[in-house]
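Reading the structure
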Amino acid sequence: MCGIIGYVGGGDALPVLMNGLATLEYRGYDSAGVSVLTGSARPELRVVKRAGKLAALEGALADVGLAGTVGLGHTRWATHGEPTDRNAHPHVDEDGDLAIVHNGIIENFVEIKEELVADGVEFLSETDTEVLAALVARHRREPADGAAPGTALVEALRAVMRRVDGQFAVALVDRREPDVLVAGRRGAPLVLGHADGASLLSSDVAGLIAHTRDVEALTDDQVAVLTAEGIAVTDLHGEPTSGQRFTVDWDIDAAEKQGYPHFMLKEIHEQPQAIADTLVGRLDGDGRIALDEVRFDAADIRTVDKVYIVACGTSYHAGLVAKHAIEHWAGVGVEVEIASEFRYRDPILTPHTLVVAISQSGETTDTIAAAAHARDQRAKVVAISNVVGSTLTREADAVIYTRAGPEIAVASTKAFTTQIVALGVLALFLAQERRTLFPEECRDQLARYEALPGHLESLLEVNGDQLAGLAERIADAAYVMFIGRHNGVPIAYEGALKLKEISYLHAEGFPAGEMKHGPIALIDEGGPVVAIATRGHVHGKVVSNIQEVRARGAEVIALATEGDTTVKAHADHVVYIPDVHELLTPVLTVVPLQVLAYHAAVHLGRDVDQPRNLAKTVTVE
Ligand code: F6R
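All of the points below concern the structure found in this document. These numbers were taken from a predicted model, which means no experiment stands behind them. (Residues numbered from 1 in each chain as written. Predicted model: local features only at pLDDT ≥ 70, side-chain atom pairs only at ≥ 80, totals over all residues. Heavy atoms only, no water.)

1. Examining the site of the ligand
To keep things clear, this is the line we draw: Think of it this way: one heavy atom of a residue within 4 Å of a molecule or strand is enough to make that residue near it. Two N or O atoms form a polar contact when they lie within 3.5 Å of each other; inside protein one atom must be a possible hydrogen donor and the other a possible acceptor, and for residues adjacent in sequence the pair counts only when both atoms belong to side chains. We count a stretch as a helix when DSSP gives it H or I for four or more residues in a row; a strand needs E for two or more, and each element gets its number in order from the N terminus.
Taken together, 13 residues form the shell around the ligand, and within it Ser-315, Ser-359, Gln-360, Thr-364 and Glu-501 come nearest. At 2.7 Å from an oxygen atom of the ligand is found a main-chain nitrogen or oxygen belonging to Gln-360. Within the contact set of the ligand, an oxygen atom lies 2.9 Å away from a backbone nitrogen or oxygen of Ser-412. The set of elements that each furnish at least two residues to the shell around the ligand consists of α8 (313-330) and α16 (489-503). With three residues, the top contributor of residues to the shell around the ligand is α8.

What follows is the structure, encoded as structure tokens:
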């Protein structure tokens, strides 16, 4: 969580920092701040920071001149200490010489803080970050004559990184070494930008794309010294090394709203293209299904006797959908687990276990840790991610990328549907390698996925007004229930999650057959129930469950397959979905639920793209 940005070059730093923060604000928006070195003869370290969204910082900067060519910015998702001006980043050391921005958590900060307090250091905030600033200051030694700029700061940072535990990305600026930025990471993302006459750093590529496509992702326990002339990366002992360098292939437009009122709506409408892109080139020259990167012998897939899928939130729901396809086509048992729980029990993992780790960002700490735990036990790990070069993809044995483009809205939409599609590709790959499907059957199924973008286009065209009206109906409800069966269950979960996270309505998803075991007690007159009742082998069962809730007064909104004539008789409102193979239906059924949640949030005046208390990328445990 949190977004960090840094610039050193020949231009004015502040506009670069502010534009970068606007792009990174989705990562956290409890407070924002910048520090810039001003004045050239004896540079001064100036810091301006404010609780609240970036607009509050913009207001504070309106009357302040912060001219300078080196600076840092931060947008915060609070972990240690409330979201106040005082706890906002950047934090400075006691003498006001250096400033630091930080994303992540320092786990042993209490012990270090006690030591520093005993030593006479006074702290102004409750953050672990201020402790880092003080610790760097303690470790800094005046540079020897002739030492390269930044030497003192980078050596101090290396010493501090050897001392601290946790996951973090940090960047520092020091007025005594005024032409450099110094940065380091362990377990939290940090990318460096090589631009003409400037160097940049950011929590993600979107923060850099306006300036350069030449990007270098730092890996764990690397530190970097950035100057206008270039970037030098070393390990924690000062040995030269390098991060993972790559060229960004998407455009700045992809990270802008392009006329849509919110990123979420834009991203909902991008789903047909995102799915089509995710499916490009999935057959190799021999007509066989291929993954993007495979670092193990595909023959090993034949001996896989168990699949675990690990993920969080919406990505976890994609895993629950995929379980049905993998078990059906590849004939291997699948368990789907919340990543934050996985490594704290004793999952049975062997070299014959395949662990599929799903993460849009590829930076979710819980998912990365679950995948690392699996690899430690010699299980094979396949990553499904939307971000090339992200930590998860670097640490996996194989990768399938969802090619959804940048997802900016905090509520995930196009990442979810592309994850289901990428997992479908994986299911077919497993079926092909395990020979549970003939190659032509795999190709036939793949062709069904390839038809999805067309169906989605028509679905998005026709349902908008109906869903906006339904959203207004549910916006006053005390409680909205979502029910489904089979692969409709994860869509019920996902529909409820979308609604609760952006509208703040109380919503919950249930397997429809479970209602009678307790949740049906919640139903009273007019209470909305959204039922996924599309065609498939459990259709009749869902229709019965709809009747059960309706008999108790529920107002039922049903999703049914085009041409279905039975559901209409039992539901108050029906949203029709194109008829596709049962295992592919979730890619379509979730979309009206995304739109429903979107309109409910707009109707209630919520901040759709940046809902309260959330952040897009969760890099804390
Ligand atoms: C909900 C949402 C979150 C994420 C979760 C995992 O709309 O976006 O639940 O799905 O935080 O994030 P990734 O996929 O980046 O690991």
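2. As for α16
To keep it simple, the criterion reads: Helices are assigned an expected span. That span is 1.5 Å times one less than the residue count. Exposure classes here rest on a 1.4 Å probe applied to the protein chains alone. A residue is buried below 20% of its type maximum, exposed above 50%, and partly exposed in between.
With 15 residues, α16 extends 21 Å between its outermost C-alpha atoms, agreeing within 8% with the 21 Å of an ideal straight helix rising 1.5 Å per residue. For α16, a buried count of twelve out of 15 residues is recorded, marking the element as mostly surrounded by other parts of the structure. Taken together, the buried positions of α16 are occupied by Val-489, Pro-490, Ile-491, Ala-492, Glu-494, Gly-495, Ala-496, Lys-498, Leu-499, Glu-501, Ile-502 and Ser-503. Tyr-504, located one to two residues past α16, shows a positive phi value of around 65°.

3. Overview of the pattern of salt bridges
Heads up, the rule is: A carboxyl oxygen of Asp or Glu within 4 Å of a side-chain nitrogen of Lys or Arg is what we treat as a salt bridge.
Taken as a whole and assessed by the stated rule, the structure comprises 33 salt bridges. Here Lys-500 ties to Glu-508 by a salt bridge, and the two come within 3.1 Å at their closest N and O atoms. Note on Lys-500: relative accessible area 31%, which makes it partly exposed. Three or more residues joined by partner-sharing salt bridges are found here, namely Asp-97, Arg-140, Glu-142, Asp-174, Arg-175, Arg-176 and Glu-177.

4. Some words on the environment of Pro-439
Looking at the element boundaries, Pro-439 is found in helix α13 (residues 439-450). Separated by 60 residues in sequence, Pro-439 and Leu-499 have C-alpha atoms that sit 40 Å apart.

5. Topic: the pairing of strand β2 (residues 31-38)
For clarity, the threshold we go by: Strands qualify as paired when DSSP identifies two bridges or more between them.
Buried residues dominate β2, accounting for eight of its eight residues. Where burial is concerned, the two faces of β2 agree: the one with Ser-31, Gly-33, Ser-35 and Leu-37 and the one with Ala-32, Val-34, Val-36 and Thr-38 are both buried. As paired elements, β2 and strand β3 (residues 44-51) share eight bridges and run antiparallel to each other. Paired with Val-34 across the bridge in β3 is Val-48. Joining the antiparallel neighbours β2 and β3 is a turn of five residues, in which Gly-39 adopts a positive phi near 80°. Sheet analysis places β2 next to strand β4 (residues 70-76), joined by six bridges and oriented antiparallel. Along β4, the bridge assignment pairs Val-36 with Gly-71.

6. Some details on the packing of helix α12 (residues 414-434) against helix α18 (residues 585-603)
To describe two helices that pack against each other, one gives the angle between their axes and the distance between the axes. Basically, it comes down to this: Simply put, an axis is a line fit to the C-alpha atoms, just over the touching stretch for a helix, and the angle between two N-to-C directions goes from 0 to 180 degrees. Oblique is the label for any angle not covered by the other classes, which are roughly parallel (under 35 degrees), roughly antiparallel (over 145) and roughly perpendicular (65 to 115). The contact rule is simple, with two residues in contact once any of their heavy atoms fall within 4.5 Å.
Axis separation between α12 and α18 bottoms out at 10 Å; the angle between their running directions is 175°. Looking at the two axes, α12 sits roughly antiparallel to α18. Residues Phe-416, Thr-417, Ile-420 and Val-421 of α12 touch α18, and the partners they reach there are Pro-586, Val-587, Val-590, Val-591 and Gln-594.

7. A short note on the nonpolar core
Threshold: Among buried residues, those of type Ala, Val, Leu, Ile, Met, Phe, Trp, Tyr and Cys that are joined through side-chain atoms within 4.5 Å constitute a nonpolar core. Domain start and stop points were drawn from an automatic or database domain assignment.
Ranked by size, the top nonpolar core spans 93 residues in total, and within it Ile-309, Ile-326, Trp-329, Val-356, Leu-426, Phe-482 and Leu-499 carry the most contacts. Each of domain 2 (257-450) and domain 3 (461-603) gives at least three residues to this core. Beyond its immediate chain neighbours, meaning those up to four positions away, Leu-426 contacts Leu-291, Val-356, Val-382 and Ile-400. With 29 residues, the next largest nonpolar core counts Ala-134, Leu-153, Val-180 and Val-182 among its residues.

8. Thoughts on the environment of Ile-557
On the secondary structure map, Ile-557 appears in strand β25 (residues 555-561). Residues contacting Ile-557, with those up to four places away along its chain left out, are Leu-470, Ile-474, Val-529, Val-530, Ala-531, His-573 and Val-575.

9. Considerations on unusual backbone geometry
Of the consecutive residues His-89 and Pro-90, the connecting peptide bond is found in the cis state with omega at 0°. One non-glycine residue with positive phi stands out, namely Asp-221, at about 60°. Tracing the sequence through the fold places Asp-221 in the loop between β11 (214-217) and β12 (222-227). Within the chain, Arg-435 stands out as a residue other than glycine whose phi angle is a positive 60°.

10. A word on empty space enclosed by the protein
Let me state the cut-off plainly: Two kinds of site are reported from a 1 Å grid over the protein atoms alone, namely cavities, where a 1.4 Å probe fits but cannot get out, and pockets, open sets with protein on both sides within 12 Å along at least five of seven lines, and residues are called lining when an atom falls within 4 Å of a point. Grid points are joined across faces, edges and corners, and a volume is the space filled by probe spheres set on the points. In the scheme used here, Gly and all other residues not listed as nonpolar or charged are polar, with Ala, Val, Leu, Ile, Met, Phe, Trp, Tyr, Cys and Pro taken as nonpolar and Asp, Glu, Lys and Arg as charged.
Using the criterion set out here, one finds five cavities of 30 Å³ or more in the structure. If you trace the largest cavity, you find 17 residues lining it, with Arg-485, Asn-487, Gly-488, Ile-532 and Thr-534 closest to the centre. When contributions to the lining of the largest cavity are tallied by element, the ones reaching two or more residues are α17 (539-551) and α18. Per-element tally for the lining of the largest cavity: the top contributor is α18, with three residues. Class assignment for the residues of the lining of the largest cavity results in six nonpolar, eight polar and three charged. As a volume, the second largest cavity reaches approximately 60 Å³. Lining the second largest cavity are Cys-2, Arg-76, Trp-77, Thr-79, His-80, His-89, His-102, Asn-103, Gly-104, Thr-127, Asp-128 and Thr-129.

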